[in-house]
Amino acid sequence: MSESEAKFDSVLFAMAEQHPGGVPEMLATFAGFLNRKTDFFVGGEECDWEKLVLKIFRQEAAKSQEVARKKREEREAAERRRQEVLRKKKEQEEQSNSASITELTEEEAEQLQKELDSKKQTESEPPVTTAATDEEKENKAGSDTEDVEPGDEGKLKPNRGNGCDLEKYNWTQTLQEIELRVPFDVKFTLKAKDVVVNMQRKSLKVGLKGHPAIIDGELYSEIKIEDSLWHLEKNTVVITFEKINQLNWWDRLVTTDPQINTRKINPESSKLSDLDLSTRSMVEKMMYDQQQKEMGLPTSDEQKKQDMLKKFMEQHPEMDFSKCKFT
């Protein structure tokens, strides 16, 4: 985006906030201004104004669609890389398992069989209480809640895209952006004019015209409207918007959604490599501090303070710190 294109953004954002009806209402304001204050509609040949409007809007639409296409290709490439990593990991595990199988000699096989028979005879009639206890332990070990931290009870597990799969829509996220997919179960091919998509800095509305909105509420956090876009993909509205705060994970899309457990999010290293150096260092620091907290160890900042204090104490052995309380 050139500086000349962006220089009116602040003015236009201020205008947009005064149009609760969204883009249609704002376009009506522009058209009304041109009608009342200029000869835009009558100054040229018949329908010249319409040709000009279509030309300008088609140019901008082409730019938006190109950006959406590139982002979609980047996400698909990232998913292919992820699947390739998983495939190689699975192959390595299979090779490791096959390599660990060793052939027993006849003497070893006979001795092993004797040990198994002896153990089976000893455990042939185990107490009922013991069996029940073992079963309970097994169920507990397979539970999704065995490692739930205090305060995370009832939160959903993130989907494969670090977002959430809900009944009427699903979303995924990186630290930089959100991708939302809202499918519509209709028997005809949807066009842009059939849907309502109203994105604001802190709110979102999505639905079919003439029907109750699928999403209509306050977003978890603020987004960059100028870097947000949407398109139709096989009767599914696909919306991509960029986060303003790119250091935190969202635990829900809108404030009325159920929360996901962001502690379960584990971003791939390939995602971190796509970040610029400064952002990547901040993200790695956050991940390190989170791991330290979970293990009950000091964070990087706390460790730095402790090291500074230790160095100060070593430099001043004449001072008595025995009665000092440090926090």
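Residues numbered from 1 in each chain as written. Predicted model: local features only at pLDDT ≥ 70, side-chain atom pairs only at ≥ 80, totals over all residues. Heavy atoms only, no water.

Draft legend 1. Region of the structure containing the overall build of the chain. The secondary structure content of the chain amounts to 9 helices and 8 strands. For the chain, with 327 residues in total, the buried portion stands at 21%. Of the accessible surface of the chain, which amounts to about 24,600 Å², a share of 52% is contributed by carbon and sulfur atoms. (Helix = DSSP H or I, 4+ residues; strand = E, 2+ residues; numbered from the N terminus. Buried < 20%, exposed > 50% of the residue type's maximum accessible area, 1.4 Å probe, protein only. Areas by Shrake-Rupley, 256 points an atom, 1.4 Å probe, with all protein chains shown as cover.)

Draft legend 2. Seen up close, the pattern of salt bridges. Scanning the model with the defined rule gives 16 salt bridges in all. Across the pair R87 and E91 runs a salt bridge whose closest N-O atoms are separated by 2.5 Å. Within this pair, R87 and its partner E91 are both found in helix α4 (residues 48-99), separated by 4 residues, close to a single helical turn. The network of salt bridges with common partners includes K71, R75, E177, E179, R181 and E233. (Salt bridge = Lys/Arg side-chain N within 4 Å of Asp/Glu carboxyl O.)

Draft legend 3. How the structure looks around the environment of L253. Mapped onto the fold, L253 is located in the loop between β8 (236-243) and α7 (269-273). Separated by 35 residues in the primary sequence, L253 and E218 have C-alpha atoms spaced 8.6 Å apart. With near-sequence residues (within four places) excluded, L253 lies in contact with Y169, W171, I178, L180, I215, E218, L219, Y220 and F241. (Contact = heavy atoms within 4.5 Å.)

Draft legend 4. Quick peek at the packing of aromatic side chains. In the structure shown here, the tally under the stated rule is 4 aromatic pairs. Look at Y220 and W250: their rings are 5.7 Å apart centre to centre, the planes differ by 50 degrees, and that puts the pair in the tilted class. On the criterion of sequence distance, the pair formed by Y220 in the loop between β6 (215-218) and β7 (223-232) and W250 in the loop between β8 and α7 is long-range, its members being 30 residues apart. Plain terms: the ring middles of F241 and W250 are 6.2 Å apart, the flat faces sit at 35 degrees to each other, and that makes the pair tilted. When its relative accessible area of 1% is taken as the criterion, F241 is described as buried. Taken together, the ring pairs in this structure connect F40, F41 and W49 into an aromatic cluster. (Phe/Tyr/Trp six-rings, centres within 6.5 Å; stacked < 30°, edge-to-face > 60°.)

Draft legend 5. Here's a closer look at the nonpolar core. Membership of the largest hydrophobic core comes to 28 residues, with the highest contact counts inside it found for F241 and L253. Sorting the residues of this core by element identifies β3 (177-183), β4 (195-199), β5 (203-208) and β8 as the ones contributing at least two each. (Core = buried A, V, L, I, M, F, W, Y, C linked by side-chain atoms within 4.5 Å.)

Draft legend 6. The arrangement of the sheet that holds β7 in detail. One open sheet holds the 5 strands; their spatial order is β1-β2-β3-β8-β7, and the pairing between them is antiparallel. Of all strands in the sheet, those bounded by a partner on one side alone are β1 (164-165) and β7. (Pairing = 2+ DSSP bridges.)

Draft legend 7. Summary view of the sheet that holds β6. What the 3 strands build is an open sheet, ordered β4-β5-β6; its pairing is antiparallel. At either end of the open sheet lies a strand with only one pairing partner, and these are β4 and β6. The sheet shows a mean angle of 5 degrees between the axes of neighbouring strands, taken without regard to direction. In this sheet, β5 lies alongside β4 in antiparallel orientation, the contact comprising 5 bridges. Note that in β5 the partner of V197 across the bridge is V206. (Axes fitted to C-alpha atoms, helices over the stretch in contact; angles between N-to-C directions.)

Draft legend 8. Structural view of the pairing of β3. Within β3, 5 of the 7 residues are buried, which leaves the element mostly enclosed by the surrounding structure. As paired strands, strand β2 (residues 170-173) and β3 are joined by 4 bridges and run antiparallel to one another. Paired with W171 across the two strands is L180, which belongs to β3. Counting the residues that bridge the hairpin from β2 to β3 gives 3 residues.

Draft legend 9. Region of the structure containing unusual backbone geometry. Of note, C47 is a non-glycine position whose phi angle comes to about 70 degrees, a positive value. Within the secondary structure, C47 is located in the loop between α3 (23-37) and α4. Take C47: its relative accessible area is 33%, and that puts it in the partly exposed class. Here K234, not a glycine, exhibits a phi torsion of approximately 55 degrees, which is positive. With respect to the secondary-structure elements, K234 resides in the loop between β7 and β8. The class for K234 is exposed, based on a relative accessible area of 82%.

Draft legend 10. Structural detail: the confidence of the model for the chain. Summarising the model, the chain shows a mean pLDDT of 79, and 78% of its residues fall at 70 or more. Confidence over residues 127-146 falls short of pLDDT 50; this stretch has 2 contacts with residues more than four positions distant or in other chains. (pLDDT = per-residue confidence, 0-100.)

Draft legend 11. Geometry of the pairing of β8. In terms of burial, β8 is a largely internal element, 8 of the 8 residues being buried. Of the strand pairs in this sheet, β3 and β8 are connected by 7 bridges, and their pairing is antiparallel. Considered in β8, the bridge of R181 is made with V238. Sheet topology places β7 next to β8; 6 bridges connect them, and they run antiparallel. Its bridge partner lying in β8, L232 is registered against V237. Taking the residues between adjacent antiparallel strands as the criterion, β7 and β8 are bridged by 3 residues, where K234 takes a positive phi near 55 degrees.

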